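Coordinate inspection notes
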Amino acid sequence: SPPSQPYRTGYHFQPPKNWINDPNGPMIYKGIYHLFYQYNPKGAVWGNIVWAHSTSTDLINWTPHPHAIYPSQPSDHYGCWSGSATILPGDKPIILYTGIIDPENTQVQNLAVPKNLSDPYLREWVKYPQNPLMEPTIENEINGSSFRDPTTAWLGHDNIWRVIIGSKIHRKGLAVLYRSRDFKKWTKAKHPLHSAKDTGMWECPDFFPVSTSGQNGVDASTFGPNVKHVLKASLDDTKHEYYTIGTYNITLDRYFPDKGSVDSDSGLRYDYGKYYASKTFFDHEKNRRILLGWINESSSVADDIKKGWAGVQAIPRKIWLDKSRKQLVQWPIVELEKQRENHVQLPSQFLKGGSRIEVSGVTPVQADVEISFEIPDLKKAEVFNPSWTDPQLLCSQKGASVKSALGPFGLLALASKDLQEYTAIFFKIFKGKDKYVVLMCSDQSRSSLNDDNDKTTYGAFLNVDPVHEKLSLRSLIDHSIVESFGGGGKACIAARVYPTLAIDKNAHLYAFNYGTEKVKILNLNAWSMKKAHIFESVIEDLK
Ligand code: FRU
């Protein structure tokens, strides 16, 4: 008989049941990683939001704890929404989060501190009795229903703390800036840190420095010539996240993007699929910055209620500035590789046009696969039409079944034997004016026979030069998730899929080339992934 829960994940974080959304307050304290997240204890749809809590030593296997923050004060009576942790000098974590104070969802910012700093799990949190610390008023021109999601704070050379809160004024999205000397009395700055017209509400902003050389991360309060700054906003209107790279002018306390703005037309995205409300933190033990993000369902609400759960956390990604300094690069944290087993390696080989090979020996529903390609004859590439500016549209129109000269080639994940169902993650290469254009797609249109699911195709342009670099793809396949990394993490696409046939033992994994020209597989390595320990105990009510 088919498994009753074919879409539950094996190594992506999810609780035993109910709704989850944003990751909150990630940090490392005394060698232990903390993940808090938005959670509905009462059902598989959004509502009744509390901060659920798990800890880990590897960010993959987790131990659940009682809810850390839940309504208990007038300042959060109607919900404990997203927020962030800051480690104060002397290794003292502190949390700022959004409290909901009335049924109209009026938002204020609150503070909580660990009850007992000698508990490495930081299981109990005490709220500041004088909460809220920041609230919307007529004088400060903040709209009470658009004032949420405080970031990790940073400390200036003047010993003053800064934090930003997501907001909007009419259609202008903004990052409201507050300052404080003691973390308790906060004053709103006259100017926002940054704003952009016509972007709507900025949810879950994130603002952090990245080193201009190498892959190491730096602490939030690092400034100077060796860093650039990143500003990210999650746009409520489109449910997509955009970021820019730029300069933080400390004297003006303003951020200036190098190019463009946080803008839904031209902006850069962490992920071109389903990925939202993400947040980074600096891991000072391993000197890296880590990005966490929420992957929502693509199934119907009725199906979510039926299966009893909704939402997962993406695999944590290390994040750093690309050599070009024009974009970020992300890669699954190295700890994930401990979950690998049953290594399968295929010999280097040509994949001729219109062919496909099966990757057997791994469990296709729970796998990690890395493939890299070399193109013998790039000159055969079709000419790129400069009017093709939208990669997602291009991927939808030129899906996995539409062949060109160079591509589609890549992977067919969660495929049924007869290919009635599959998710195709692939590249297509075009000849641009003075360089080749590489398109990366994740095509869900054939992922399930169930048409109640959102099967939108996703796409991104990948900044890789196929003349000088090999073209690589890594996909993390996990029952209902296909999380893909192109070009070593220069473009990422997370997708949710719900096969009806390609489940459990009936799923297959293939490498394919449906273009007319041959491509060469340089390397193909695949692994089964061990089930992670995420919620060993079935806990009915964690509180
Ligand atoms: C983003 C978001 C945040 C808010 C939280 C509520 O997904 O809407 O802006 O704080 O979720 O759960």
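Residues numbered from 1 in each chain as written. Predicted model: local features only at pLDDT ≥ 70, side-chain atom pairs only at ≥ 80, totals over all residues. Heavy atoms only, no water.

Looking only at helices and strands, one finds two helices and 38 strands in the protein. In terms of overall dimensions, the protein is globule-like: its C-alpha atoms have a radius of gyration of 23 Å, near the 24 Å expected for 543 residues. Overall size of the protein, expressed as C-alpha extent along the three principal axes, is 70 × 55 × 40 Å. By residue count, 62% of the 543 residues in the protein fall in the buried class. Restricting the contact set of the protein to residue pairs at least 6 apart, pairs at least 24 apart contribute 64%. Counting every atom, the protein has about 21,500 Å² of accessible surface; 50% of that belongs to carbon and sulfur. Charged side chains of the protein number 63 positive and 58 negative; the gap between the two group centres comes to 4 Å. (Helix = DSSP H or I, 4+ residues; strand = E, 2+ residues; numbered from the N terminus. Rg over C-alpha atoms; globule rule 2.2 N^0.38 Å. Buried < 20%, exposed > 50% of the residue type's maximum accessible area, 1.4 Å probe, protein only. Contact = heavy atoms within 4.5 Å. Areas by Shrake-Rupley, 256 points an atom, 1.4 Å probe, with all protein chains shown as cover. Lys, Arg positive; Asp, Glu negative; His and termini not counted. Charge placed at Lys NZ, Arg CZ, Asp CG, Glu CD.)

Grouped together as the largest cluster of nonpolar side chains are 45 residues, with contacts concentrated most on Phe373, Phe427, Ile429, Leu471 and Leu524. Among all residues touching Ile429, those that are not within four sequence positions of it are Ile375, Leu378, Ala381, Glu382, Leu406, Phe409, Tyr436, Val437, Val438, Pro466 and Leu471. Listed in part, the 29 residues of the second largest apolar core include Ile20, Ile28, Leu292 and Trp331. (Core = buried A, V, L, I, M, F, W, Y, C linked by side-chain atoms within 4.5 Å.)

Before going further, it helps to spend a moment on the sheet that holds strand β4 (residues 63–69). Taken in spatial order, the five strands line up as β4-β3-β2-β1-β21 in an open sheet, and their pairing is mixed. The two strands at the open ends of the sheet, each matched to only one other strand, are β4 and β21 (309–310). Summarising the sheet, strand β1 (residues 18–29) and strand β2 (residues 32–40) pair through seven bridges and their orientation is antiparallel. Residue pairing across strands places Ile28 opposite Tyr33, the latter belonging to β2. (Pairing = 2+ DSSP bridges.)

Around the ligand lies a shell formed by Asn21, Asp22, Gln38, Trp46, Trp81, Ser82, Arg148, Asp149, Glu203, Tyr276, Ala277 and Trp294. In the model, an oxygen atom of the ligand is placed 2.8 Å from a nitrogen or oxygen of the Asp22 side chain. Take Glu203: an N or O atom from its side chain is 2.8 Å from an oxygen atom of the ligand. Protein contacts shield 94% of the accessible area of the ligand, which totals 320 Å² for the unbound molecule. (Near = heavy atom within 4 Å. Polar contact = N/O pair within 3.5 Å; in protein donor to acceptor, adjacent residues only side chain to side chain.)

Note on placement: Lys318 falls in strand β23 (residues 317–321). Summary of buried charges: Lys318 has no salt-bridge partner, and the nearest side chain of opposite charge, Glu335, is 9.3 Å away. At 2.9 Å, the side chain of Lys318 and the side chain of Gln215 are in polar contact. The residues touching Lys318, leaving out its near neighbours within four places in the chain, are Gln215, Arg288, Arg289, Val329, Gln330, Trp331 and Ile333. (Salt bridge = Lys/Arg side-chain N within 4 Å of Asp/Glu carboxyl O.)

Strand β30 (residues 409–415) sits mainly inside the fold: seven of its seven residues count as buried. As defined by bridge partners, β30 adjoins strand β31 (residues 423–431) across five bridges and the pair is classed as antiparallel. Residue pairing for β31: Phe409 is matched across the bridge by Phe427. Here β30 pairs with strand β37 (residues 508–513) via five bridges, running antiparallel. Paired with Leu412 across the strands is Tyr510, a residue of β37.

By themselves, these figures tell us nothing about what the structure is for.
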